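Chain and residue survey
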Amino acid sequence: MTDIETVALPGGAVLLQDARGLGRRTVDLEPFEIAATPVTEAQLADLIGLPATSSTRPAAAVSWLRAIRACNAASEWEGLDPAYRVDGEEVAWDVDADGYRLPTEAEWEYACRAGSTGPRYGALADVAWSRGDGVLGPQPVGRKRPNAFGLADVLGNVWEWCWDPFDPALDDRARVLRGGGFADEPANVRSSARRGLPMRLQLDDVGFRFARGALDEAEAVQGWSAAADRERAATG
């Protein structure tokens, strides 16, 4: 399989907006690793046997559940402990595992911003594939300028799955997407843009990137809290 290139990010803090846009909170993050580019068609083909037409385009039309499966396959390929226990549509995260996983939403935004504070880490045309480019599908990774962490295509090209539920009070089966895609207007291609989709849904502008980093606490890690999810789902 094509090597998975990851970037080691230092610990830090990120200001994160809540699911309904009603408030903000500061999240302190431990160091973690994140892939320099979205997972490509070729990588996904090697991992789970899907056909690939390009070695450089990001894999798209990938459901959240398929991304979870790919994370575990990548971990097994490299002899790492899989991060997820999967039983049908029930997925549990073993946070102390050293294998590949999806980033939490807080990790994703911290990685995307790379210290920037504006809506994007550069001019839209320089850093992201969007509707303004007039393309009809995902474009080869790494052709736009990376951010200060060296991460390419964090904005635009394909939306990227995160681990977190989108809004457990409304639907605990929908998961967070971040970053915008090749067909989106500028308003949806920015560091704070988010949407939620059912975990089985596949769209042609949705992909993912790997993260890594074993953690100690099982209930509240890197901005995600299992207890908070349960509380929001119970109160509605």
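What counts, and where the lines are drawn
- Counting of residues starts from 1 at the beginning of each chain's written sequence and follows it residue by residue.
- In view of the model being predicted, local features appear only for residues whose pLDDT reaches at least 70, and side-chain atom pairs are presented and counted only at 80 or more, with totals across whole chains, interfaces and linings using the full set of residues.
- Excluded from the side-chain calculation are hydrogens and water; included are all heavy atoms of the structure.
- Where helices and strands are cited, they refer to DSSP runs of H or I of at least four residues and of E of at least two residues respectively, numbered from the N terminus.
- To estimate the expected span of a helix, subtract one from its residue number and multiply by 1.5 Å.
- Partly exposed residues are those whose accessible area sits between 20% and 50% of the maximum for their type, while under 20% is buried and over 50% is exposed, using a 1.4 Å probe and protein chains only.
- In this analysis, two residues are considered to be in contact whenever any of their non-hydrogen atoms come within 4.5 Å of each other.
- Whenever two N or O atoms come within 3.5 Å, that pair is a polar contact, provided that in protein one can donate a hydrogen and the other can accept it, and provided that, for residues adjacent in sequence, both atoms are side-chain atoms.
- What makes a nonpolar core is a set of buried Ala, Val, Leu, Ile, Met, Phe, Trp, Tyr and Cys residues whose side-chain atoms join them at distances within 4.5 Å.
- Definitions used for this entry: grid spacing 1 Å over protein atoms alone; cavity, a set of points where a 1.4 Å probe fits but cannot get out; pocket, an open set with protein on both sides within 12 Å along at least 5 of 7 lines; lining residue, one with an atom within 4 Å of a point.
- Grid points are joined across faces, edges and corners, and a volume is the space filled by probe spheres set on the points.
- Residues are grouped as follows: Ala, Val, Leu, Ile, Met, Phe, Trp, Tyr, Cys and Pro are nonpolar; Asp, Glu, Lys and Arg are charged; all remaining types, including Gly, are polar.
- By definition, a salt bridge exists where a carboxyl oxygen of Asp or Glu is found within 4 Å of a side-chain nitrogen of Lys or Arg.
- Pairing of aromatic side chains requires ring centres within 6.5 Å, counting the rings of Phe and Tyr and the six-membered ring of Trp. Pairs whose planes differ by under 30 degrees are stacked, by over 60 edge-to-face, and all others tilted.

**Some words on helix 2 (residues 64–77)**
The terminal C-alpha atoms of helix 2 lie 20 Å apart, and with 14 residues this matches the ideal 20 Å at 1.5 Å per residue to within 8%. In terms of burial, helix 2 is a largely internal element, ten of the 14 residues being buried. Within helix 2, the full set of buried residues consists of Trp64, Leu65, Ala67, Ile68, Ala70, Cys71, Asn72, Ala73, Ala74 and Ser75. Where helix 2 is buried, its residues meet helix 1 (41–48), strand 5 (84–87), strand 6 (90–93), strand 7 (159–167) and strand 8 (171–178). Glycine 79 sits one or two positions beyond helix 2 and adopts a positive phi of about 75°.

**A word on unusual backbone geometry**
In this structure, alanine 114 is a non-glycine residue whose phi angle is positive, near 50°. Structurally, the position occupied by alanine 114 is in the loop between helix 3 (105–113) and helix 4 (124–127). Owing to a relative accessible area of 14%, alanine 114 belongs among the buried residues under this scheme.

**Here we look at the environment of glutamate 107**
Structurally, glutamate 107 can be placed in helix 3. Overall, the relative accessible area of 0% leaves glutamate 107 in the buried class. As a C-alpha pair, glutamate 107 and phenylalanine 32 span 75 residues in sequence and 8.3 Å in three-dimensional space. Separated by 2.8 Å, the side chains of glutamate 107 and arginine 101 make a polar contact.

**Structural notes on the nonpolar core**
Leu102, Phe208 and Phe210 are the most contacted members of the largest nonpolar core, which has 38 residues in total. If you list the elements that add at least two residues to this core, you get helix 1, helix 2, strand 6 and strand 7. Among the elements that make up this core, the one with the highest residue count is helix 2 (eight residues). Leave out the neighbours within four places in its chain, and phenylalanine 208 touches Pro38, Val39, Leu44, Val62, Ala67, Ala70, Leu102, Trp159, Glu160 and Trp161. In this structure, Leu29, Trp108, Tyr121 and Leu151 belong to the second largest nonpolar core, which totals 24 residues.

**Notes on the layout of surface pockets**
There is about 390 Å³ of room inside the largest pocket. Together, 19 residues line the largest pocket, and Val91, Pro165, Asp172, Arg175 and Asp229 are the ones closest to its centre. Within the residue set of the lining of the largest pocket, elements represented by two or more residues are strand 6, strand 7, strand 8 and helix 5 (226–235). Per-class residue counts for the lining of the largest pocket are eleven nonpolar, no polar and eight charged.

**A word on the pattern of salt bridges**
Scanning the model with the defined rule gives 14 salt bridges in all. Arginine 85 is the partner of aspartate 94 in a salt bridge, and the nearest nitrogen-oxygen pair spans 2.9 Å. Look at aspartate 94 and you get partly exposed, because its relative accessible area is 21%. For arginine 85, a relative accessible area of 48% translates into the label partly exposed. The salt bridge partner of arginine 178 is glutamate 105, with a shortest N-O separation of 2.9 Å. Here the residue arginine 178 occupies a position in strand 8, and glutamate 105 occupies one in helix 3, the gap between them amounting to 73 residues. When its relative accessible area of 5% is taken as the criterion, glutamate 105 is described as buried. Salt bridges linked by common partners bring Glu105, Glu109, Arg113, Arg178 and Arg194 together as one network.

**Examining the environment of tryptophan 224**
Mapped onto the fold, tryptophan 224 is located in strand 13 (residues 224–225). Under the relative-accessibility criterion, tryptophan 224 is labelled buried at 9%. Along the chain, tryptophan 224 and glutamate 105 lie 119 residues apart, while their C-alpha atoms are 7.6 Å from each other. Not counting the four nearest positions on each side in its chain, tryptophan 224 is found in contact with Trp93, Thr104, Trp163, Asp164, Pro165, Ala218, Glu219 and Asp229. Within polar-contact distance, the side chain of tryptophan 224 engages the side chain of aspartate 229 at 2.7 Å.

**Thoughts on the packing of aromatic side chains**
Tallied over the entire structure, the rule returns nine aromatic pairs. Ring plane angle 50° and centroid distance 5.2 Å describe the contact between tyrosine 100 and phenylalanine 210, whose orientation is recorded as tilted. Of this pair, tyrosine 100 sits in the loop between strand 6 and helix 3 while phenylalanine 210 sits in the loop between strand 10 (206–207) and strand 11 (211–212), and the two are 110 residues apart along the sequence. A residue is classified by how much of its surface remains accessible, and tyrosine 100, at 2% relative accessible area, is buried. Taken together, the ring pairs connect Trp64, Tyr84, Trp93, Trp163 and Trp224 into an aromatic cluster.

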